[in-house]
Structure formats: structure tokens, C-alpha cells
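# An overview of the molecular structure
Okay, here's what each chain looks like letter by letter:
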Amino acid sequence: MNGHYEQCFPGVWRITLGTPDQLTPHFFFGDRESSRLSEKSEQPLPWPKEKIRWENRKNGFLVTLPLSAGERLYGLGLQFGSYLQNGRRKTLRANADAPKDTGDSHAPVPFYVSTAGYGVLADTAKNVTFDCGAVKKADTVSRLPSAGKGAAATTEELYQEELRSQEVNIFVPGAQGLTLYLFADETMRGVVERYNLFSGGGAMPPAWGLGALYRCYTHASQDQAESLIRELAEENIPVSMIGLEPGWHSHAYSCSFRWSPERYPNPDRLIQLAEEKGMNLNLWEQCYVHPTSDIYEQMQAHAGDFEVWNGLVPDYGDPEARKIYSEMQGRLIDQGVRGFKLDECDGSDYTGGWFYPEFSQFPSGLTGEEMKNMFGALGQRAVNQAFADRGLRTFSEVRANWSYAAPMGFVLYSDLYDHRQFIRAVSNASFCGLLWSPEVRQCGSAAELIRRMQSAALSPMMVINSWMIPSPPWKQYDIEKNLAGELLPDSQLEDQCRELIRLRNRFFPYLYAAFAKYAREGTPPFRAMALDYPDDPAFAEADDCYFMGDSLLVAPILNEGTKREVPLPPGVWYDFWTEQPIQGGRTITAETHQIPLYVRQGTALALGGGEPVHGGDVIPLEIRLYGTRSGDVLLIEDDRETLNYQQGEQRWTTLSLRDGKALPQTLEGYSVDSVRVIL
Ligand code: GAL
């Protein structure tokens, strides 16, 4: 069996082994590669070709790749349970309720990156196993402790790192071949950037998408939803998105995609009210089509042979099914809807098994197994099409993803609710072109609520998901339990939550620039520490803090206490709250009621106002210079809402600060209010 090697772009190779499947993620999403990849530097292959081995086994196709001692491996998607993948065996399967760290996930991604400067994408939609260090028979003998050091006396010793073989095995059951894409760069971050550009470049949210999303109680009627919108506006809770949960449907499980005439008799009025209050509407949906839906008849011939919640499962592998869905979404967009929450496209095997079986068949030729893994991705593609047809961007939610995800303007979320895992997921998402939202729901105490609000405020999308509670979570608690009383004397819990939403909004200019870099250069806007500091384990193995953009380190406190250890990378950093410089290159102890947040010395940080940003707004900037009197700020100027930026209608403006003053510069959409030097 021969392998076929082909260079697609500098530092990107396609390796075709055996006879790969036809209907793979590349087949569906491989048409969006960014032309910027051609400008990248040439790179050598990370290993000689003969180091890649493959074979047809009785039950599937096996590829074996080399792994050098000391390499660290990351990725494989939205893994809640682990960060470093060395020594782990993961079988990637889309699943909502992974009980263990097995590879089941809302968004597994068959892509991993190595600190040695390469990444491997397995182009399959099947449940693929990545074995990052299984020991083959011959290796075992020479590596057993008894061979050199005497028998192992503890389990740690028995399973220690050096017992693992120096190879990665990728196994695709039922396949007769596999295409790999190999990405190489001087740095691991550069590898991820190439992968993201290969997927089409990162998503560019509209301005309102970088504000906060409040999701209403699922049983809310139109009157109740409208009262809530008014209440949020009157109480100056500055959210920019309002989400309706299943209750807006005439039938939700499965979906009619029609407004309920009893509960939502006048959706236009609701949308208008939301618009008046500066909020865009986001609608919950799942993809299963109820018999009362307008698209049910049309979808009949383009659906799988099993149903979910008595609804059709559209065959999104079929362009016609995507078109029917996309046109239906288009009608809601025309009504004024600006975002969707594509729920339950991941399936659940551990909670009673609501989903179509993996042995389902779809007219396009996809199996249930393949569809399950790509269902969320293909659904997003259809929704993105509906927005693209109208020249609009979206920033929406989805509960499942797979490979090639970077360009989709969708953020992942979960019903699982472990704060520690939620923060690990911010980092893990960044290896694989995913965006993840550690959303806030009701909490056990005010302190927990504040801690979760803090994390959400400094994450890809700030979501307050009140689908289970009629009023906002900050109205749930007794002020006596208020953790942050010392932080904001005399304030109420609601005030503190408002401040956190305002904080989110203030970061708009900075975040917008970080996302523009994601779109154009593939640089993840929220980033695992390992991507910037891969060599020192203190930073490379820290999965409870992450970078937001290039200059800020976020280290959430995950419990109700006030202290945590923070591995602060080399150089001088400034505490965002106290403005004190701190020497990095070591682990420090942070003690605060705020969210520990550090600014890299030399940063010129532009903060906006606390209100949500919309298209034509002029944002008053407060510019802070950290440890310097001069610096540059990148400001992105465009209409903040349409796709015209893809046609070059976006200006990257560098605002220069010299000696504590802004140099004259014509700005569109921003004005410099103040400049402050922090030394
Ligand atoms: C879940 C989802 C929740 C909420 C709920 C409504 O699947 O994760 O956020 O939307 O459905 O039924």
C-alpha cells in the first residue's frame, strides 16, 4: 500500500493512506481555506516519510506516527477531563454527557498539536481512536521496569511515562484508509494558526456578539419575556442579546420552528421592543423537524431512517436538506432574529439515549455514526448560509462541533456545570479552532454566582442561561451571603453582576481586535497558556488560566474562596485591579474578590464604555499604558455587523501613543477620551 504525499500550502501536507472514505469533513468543509496560507513560510516535514506507518487491520485502519521523548500533545477537541493528551487513549464521539474522560464530548476534534511544532488532522467523521502512547508488545518487554530497574512497587511506577511507547496510533474502525493533514510551524501556536486558516480563518463576531447574552426562562410567555427585557433595561443591566428557550415554539421537542400563537402571539412586537432596548434576539432550536413544521413535507425525502422526539432527522450531508433548513432560518432572520442556539445536536448515550442510532442511514450516504459527529458542524453551515445570504454575521450558540470549526460564528456550551472543567475547556477549545462559553446558570450561593459571572465575563461569549429560573440569578440570593461586599461596599449582588457585564463591554475594542486577528491570521482570541509558553511545564501544563488576546492573562478563582496560585509567565505583569507591577517567571499567590487578571508590561490597552456596542457607535476610549509611556493600540474599523469585512471593508488602524499622549489619528467609531500611564 502506498501513501501519497502532497503539499497543499507551505507547511501543510495531505497524506493519503489506503482507500479513505469519501464523505469526510474535508469533503464538506474543505472549500474555505484562507489564501493567507500561501504567504506562510515553508517548513520541513516534522519526520521522515518512512516514519509514518499504516495497515489495514481486520476491524479497521491503523496509522502509527512517531512521538519523541519530551513532546507534549494537546487537542482532540473540547475535552473537559484532561489537558495533556500524552499517555491517553481517546475515542472521539460526539456526546452530550460524557461520564468519564474517554473522548466523548460535545465537540471532539480529530486534531492534535505537539510542542515539537506540528499538528495532525485525521480527516474522518467516524468514531476515531487516538492512542497517544499505547505500548506495543515488542516495546513492552524492553521497557518493563524489571528489564532495567527492578519490578514496579506502586501503580504510579507501573504506569509511569517512560513505560509508554514513543508513538501515536490513530485507529478508525471500519475504514480502509485515512487522509491526514499535517501542519508544521516553528511554534505550536503557529501550527494552530495554520490549522485555523486551513479551516477558513476564525469567526468575526458582530459587535453585539461580544456583549452579554441573557437567556430567558423556558416557560416565559411573550408578556413575561417583554417584562424581563424592560426590567433589564430599567435596571441598566447592559446585555446585548436576549435568548428565548424552547417555549417560543408551538412544538419544541421536536421543533415546529413556528412561534406559539398562544404564548408568543406577536413576535414582531417582541423583536421591536428588544431592538429598542439595544438587544438582539437569539432563538433556541434543535434540528429535529416536527410534523407540524412548514418544512416537514419537504424534508421527508432528505432525512435519516430514524426519528428523534418524533421528528425527522435532516440529512445535512445533502445540500438540499441544508437549503430547506437555511431558507426556513432565513425567514426568521428576516423577521429580525440575529442568533440561534442549536441545541441537542450532539446526542446523549448516557441519559436514556435520546438520539438516532449510529446504524441509522441517510440518503447522502452518511451513516448515523458519521452524521452524529458532523451534525452540529453541518447545521451551523446551513445557518451561516442563511446569514451570509443576507450579508450578515452572527454570533450564535451550538452544542456540538467537530473539525474545521474556526470560521463558524458559534460558541459551545453544556448542561454539565463543573466550574473547573469549564475553565479547562476554554484552553482546550483553543487548540482546535473552537470557542467555548463557561455559561452561568443558577448557583448554590452568591459567591459562586460572582465567581462564575467573572469567568463568563472574560470568556469567548458571556452567557447567563436562566432557562430554568423565571428571574435573573442575582435575584435569587440573600445579600447577607454576598461575597463581594468588601469589594464593592454597600453594593447589592445585582450591582456586582451589572459591573461584571459592564467589564465585559469595556473590553470590546480589545476583543474585537483579537477576533479580527483570529479571522485573518487564525490566532485564537482566547488561548491556552501552552500555546505561548510550551517549554516550561509550570506554564505549559497550567489549564486553569488562559490568555485573552495577546496581553491579558485571566486566572479565574474557581471556588468561593479568595485565593489561588497563578503561574505568571516571564517578564513584568500588572495587576489589572491594583495596577501594581509583579515580576513574572514564577508562580504567585493571588488573593482577591475580583477575578485575577494581569496585563503584560508594555501593553497599551484600550477600554471602551460599559454599554453594549452597536454598529455606528463611537466608543469613548480610555487608554492605559502599562509600564511604558509609549505604545500602539490596534483598532478595528468596520461596520461591525455585515460580512463586508470579507471584501476588504475593514481597516486595521494603529493608534500610537508617545510620551503618554495619543498621536493625531483619524478614527472611525472610536474617540480617545483619556490616556493614562501606569508605571
Ligand atoms: C438543554 C440545553 C439548555 C436548555 C434546555 C432547554 O439541552 O443545554 O441550555 O436550552 O435544553 O430545554
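Residues numbered from 1 in each chain as written. Predicted model: local features only at pLDDT ≥ 70, side-chain atom pairs only at ≥ 80, totals over all residues. Heavy atoms only, no water.

## Considering the overall build of the protein
Broken down by element type, the protein carries 16 helices and 34 strands. Here the protein has a C-alpha radius of gyration of 25 Å; the compact-globule value for 679 residues is 26 Å, and the two agree. If you line up the protein on its principal axes, its C-alpha atoms span 70 × 65 × 50 Å. Within the protein, the proportion of its 679 residues that are buried is 63%. Contacts in the protein between residues at least 24 apart in sequence constitute 72% of all its contacts with a sequence separation of at least 6. When the accessible area of the protein is evaluated, it comes to approximately 24,300 Å², of which 47% is carbon and sulfur surface. Of the charged side chains in the protein, 64 are positive and 88 negative, and the gap between their average positions amounts to 4 Å. (Helix = DSSP H or I, 4+ residues; strand = E, 2+ residues; numbered from the N terminus. Rg over C-alpha atoms; globule rule 2.2 N^0.38 Å. Buried < 20%, exposed > 50% of the residue type's maximum accessible area, 1.4 Å probe, protein only. Contact = heavy atoms within 4.5 Å. Areas by Shrake-Rupley, 256 points an atom, 1.4 Å probe, with all protein chains shown as cover. Lys, Arg positive; Asp, Glu negative; His and termini not counted. Charge placed at Lys NZ, Arg CZ, Asp CG, Glu CD.)

## Brief notes about the pairing of strand E13 (residues 176-184)
Summarising burial for E13: 8 of the 9 residues are buried, a large majority. Pairing analysis gives 8 bridges linking strand E2 (residues 12-19) to E13, with the strands arranged antiparallel. Its bridge partner being in E13, Arg14 is matched across the sheet by Tyr181. Bridge count between strand E10 (residues 118-122) and E13: 5 bridges; the pairing is antiparallel. Bridge pairing in E13 places Leu121 opposite Tyr181. (Pairing = 2+ DSSP bridges.)

## A short note on the UniProt feature "domain: Glycoside hydrolase family 31 N-terminal" (unreviewed entry) in the protein
Sites flagged by UniProt as "domain: Glycoside hydrolase family 31 N-terminal" (unreviewed entry) map to residues 61-131. Structurally, residues 61-131 is divided into 0% helix and 46% strand, and its ends, taken at the C-alpha atoms, are 13 Å apart. (UniProt positions renumbered as here; feature names shortened; annotations may be inferred.)

## Notes on the sheet that holds strand E11 (residues 129-131)
Taken in spatial order, the 5 strands line up as E3-E4-E12-E11-E6 in an open sheet, and their pairing is antiparallel. A single partner strand is all that each edge strand has here, and the edge strands are strand E3 (53-57) and strand E6 (89-91). Strand after strand, the sheet turns through a mean of 15 degrees between neighbouring axes, direction not considered. In terms of strand pairing, E3 meets strand E4 (residues 60-66) through 5 bridges, oriented antiparallel. Its bridge partner being in E4, Arg53 is matched across the sheet by Thr64. (Axes fitted to C-alpha atoms, helices over the stretch in contact; angles between N-to-C directions.)

## Re the site of the ligand
Taken together, 13 residues form the shell around the ligand, and within it Glu245, Lys341, Asp343, Glu344 and Asp415 come nearest. Note that an oxygen atom of the ligand is positioned 2.7 Å from one of the side-chain N or O atoms of Glu344. One nitrogen or oxygen atom from the side chain of Arg399 is found 2.9 Å from an oxygen atom belonging to the ligand. When the ligand sits alone it has 310 Å² of accessible area, and the protein chains cover 95% of it. Among the residues forming the shell around the ligand, the class breakdown is 5 nonpolar, 1 polar and 7 charged. (Near = heavy atom within 4 Å. Polar contact = N/O pair within 3.5 Å; in protein donor to acceptor, adjacent residues only side chain to side chain. Nonpolar A, V, L, I, M, F, W, Y, C, P; charged D, E, K, R; others polar.)

## What about the environment of Leu412?
Along the chain, the position of Leu412 falls in strand E19 (residues 410-412). Along the sequence, Leu412 and Leu434 sit 22 residues apart, while their C-alpha atoms lie 7.7 Å from each other.

## Here we look at the nonpolar core
Core analysis: the biggest nonpolar cluster contains 206 residues, and Ile170, Trp474 and Phe507 have the highest contact counts within it. Beyond its immediate stretch of four places on either side in the chain, Trp474 contacts Tyr214, Leu232, Ile237, Leu449, Met453, Ile464, Leu493, Glu494, Cys497 and Ile501. (Core = buried A, V, L, I, M, F, W, Y, C linked by side-chain atoms within 4.5 Å.)

## Notes on the pattern of salt bridges
Opposite charge on two side chains permits them to pair, given that their charged atoms come into close proximity. This model, assessed by the stated rule, comprises 53 salt bridges. Here Lys90 and Asp101 are joined by a salt bridge, their closest N and O atoms 3.2 Å apart. Here Asp101 lies in the loop between strand E7 (93-94) and strand E8 (104-105) and Lys90 lies in strand E6, a separation of 11 residues in the sequence. Classification of Lys90 as buried rests on a relative accessible area of 0%. Between Arg269 and Glu226 there is a salt bridge; the shortest N-O distance is 3.0 Å. Within this pair, whereas Arg269 is found in helix H7 (residues 267-276), its partner Glu226 is found in helix H6 (residues 222-234), the two being separated by 43 residues in sequence. Where salt bridges share partners, they join Arg189, Glu193, Lys517, Arg527, Asp532 and Asp550 into one cluster. (Salt bridge = Lys/Arg side-chain N within 4 Å of Asp/Glu carboxyl O.)

## Let's talk about unusual backbone geometry
Cis peptide bonds are those with omega within 30 degrees of zero, and the linkage from Tyr253 to Ser254 qualifies with 0 degrees. A positive phi angle, close to 45 degrees, is found at Trp309, a residue other than glycine. Looking at the element boundaries, Trp309 is found in the loop between helix H8 (296-299) and helix H9 (319-335). One non-glycine residue, Glu344, lies in positive phi territory at about 55 degrees.

## Considerations on the sheet that holds strand E33 (residues 661-662)
Spatial strand order, E31-E32-E33: 3 strands in an open sheet with antiparallel pairing. Each having just a single partner strand, strand E31 (631-637) and E33 make up the two edges of the open sheet. Summarising the sheet, strand E32 (residues 651-658) and E33 pair through 2 bridges and their orientation is antiparallel. Note that in E33 the partner of Leu657 across the bridge is Ala662. Of the strands in this sheet, E31 and E32 are in contact with helix H14 (residues 508-521), which crosses E31 at around 75 degrees.

## Concerning the domain arrangement of the protein
It is common to give the size of an interface as the accessible area that goes away when the parts come together. Split by domain assignment, the protein resolves into domain 1 (4-199), domain 2 (207-511) and domain 3 (545-679). Of note, the centres of domain 1 and domain 3, computed from C-alpha atoms alone, are 35 Å apart. (Domains from an automatic or database assignment.)

## Let's talk about the environment of Gly304
With respect to the helices and strands, the residue Gly304 is situated in the loop between H8 and H9. Along the primary structure Gly304 and Met371 are separated by 67 residues, whereas in three dimensions their C-alpha atoms are 9.5 Å apart. In this structure Gly304 touches Val313, Gln361, Phe362 and Pro363, once residues within four positions along its chain are discounted.

## Structural notes on the side chain of Asn401
For Asn401, the position within the fold is in the loop between strand E18 (396-398) and E19. A polar contact of 3.2 Å, which involves the side chain of Asn401, links it to the side chain of Gln380. When residues no more than four places from it in sequence are discounted, the contact partners of Asn401 are His106, Ala107, Pro108, Asn373, Ala377, Gln380, Leu412 and Leu434.

## Description of the state of the cysteines
Applying the stated rule across the entire model yields 0 disulfides. Cysteine Cys8 shares no disulfide, and the gap to the nearest cysteine sulfur, in Cys432, comes to 19 Å. According to the relative accessible area criterion, Cys8 is partly exposed, its value standing at 24%. With no disulfide partner, Cys497 has as its closest neighbouring cysteine sulfur the one in Cys443, 8.8 Å distant. Assessed through its relative accessible area of 0%, Cys497 is described here as buried. (Disulfide = S-S within 2.5 Å.)

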